[in-house]
Amino acid sequence: MPDRVANLIPSQRPRPADPTEAPLAVRRFSAVQRPDADIRAASDLDLIDAELHCFRGPLLSVEDQGDREELLARYAAADKILSSVALRQSTAVLS
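Source: prediction; values computed, not measured. (Residues numbered from 1 in each chain as written. Predicted model: local features only at pLDDT ≥ 70, side-chain atom pairs only at ≥ 80, totals over all residues. Heavy atoms only, no water.)

### Points about the environment of Ala-77
Applied cut-off: Where helices and strands are cited, they refer to DSSP runs of H or I of at least four residues and of E of at least two residues respectively, numbered from the N terminus. Each residue's exposure class comes from its accessible area (1.4 Å probe, protein chains only) as a fraction of the maximum for that residue type: buried when under 20%, exposed when over 50%, partly exposed otherwise.
Here Ala-77 shows up in helix α3 (residues 62–83). Assessed through its relative accessible area of 42%, Ala-77 is described here as partly exposed. Sequence separation between Ala-77 and Asp-44 is 33 residues; the distance between their C-alpha atoms is 9.8 Å.

This is how it looks when you write it as structure tokens:
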């Protein structure tokens, strides 16, 4: 049986649903159920990501390169904590 979606004009093809933000009560309940280490790791990722933008470019000093490596190590540690959490604990409504 041929794929009927592939034969459609691009404007007629069905689009996947966009993820929408969960209500505040759902996000609060999810935050209460999560361990403190996960919440700290998520906030650390946001802060480190913002700081890493300062250390980009080919002409970094030795001190800046060291700071960048330290930030990357902290980022990897926080990412490791978050990647151990099951995806089902997400607060985003997927469909």
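### Quick notes on the side chain of Asp-38
Mapped onto the elements of the fold, Asp-38 is located in helix α2 (residues 36–52). Judged by relative accessible area, which is 8%, Asp-38 ranks as buried.

### Some details on α2
Helical geometry note: an α-helix holds 3.6 residues per turn, so side chains three or four residues apart project in the same direction. Heads up, the rule is: The length a helix should cover is 1.5 Å for every residue beyond the first. Within this analysis, the arc is defined by the directions that extend from the helix axis to the C-beta atoms. The contact rule is simple, with two residues in contact once any of their heavy atoms fall within 4.5 Å.
Across its 17 residues, α2 extends 24 Å between first and last C-alpha, which sits within 8% of the 24 Å expected from 1.5 Å per residue. Among all positions in α2, only Asp-38, Ala-41, Leu-45, Ile-48 and Leu-52 are buried. Around the axis of α2, the buried residues are gathered within 90° of arc, so they sit on the same side. In this structure, α2 carries Asp-36, Arg-40, Asp-46 and Leu-47 as exposed residues pointing more than 90 degrees from its buried face. Those residues of α2 that are buried are in contact with α3.

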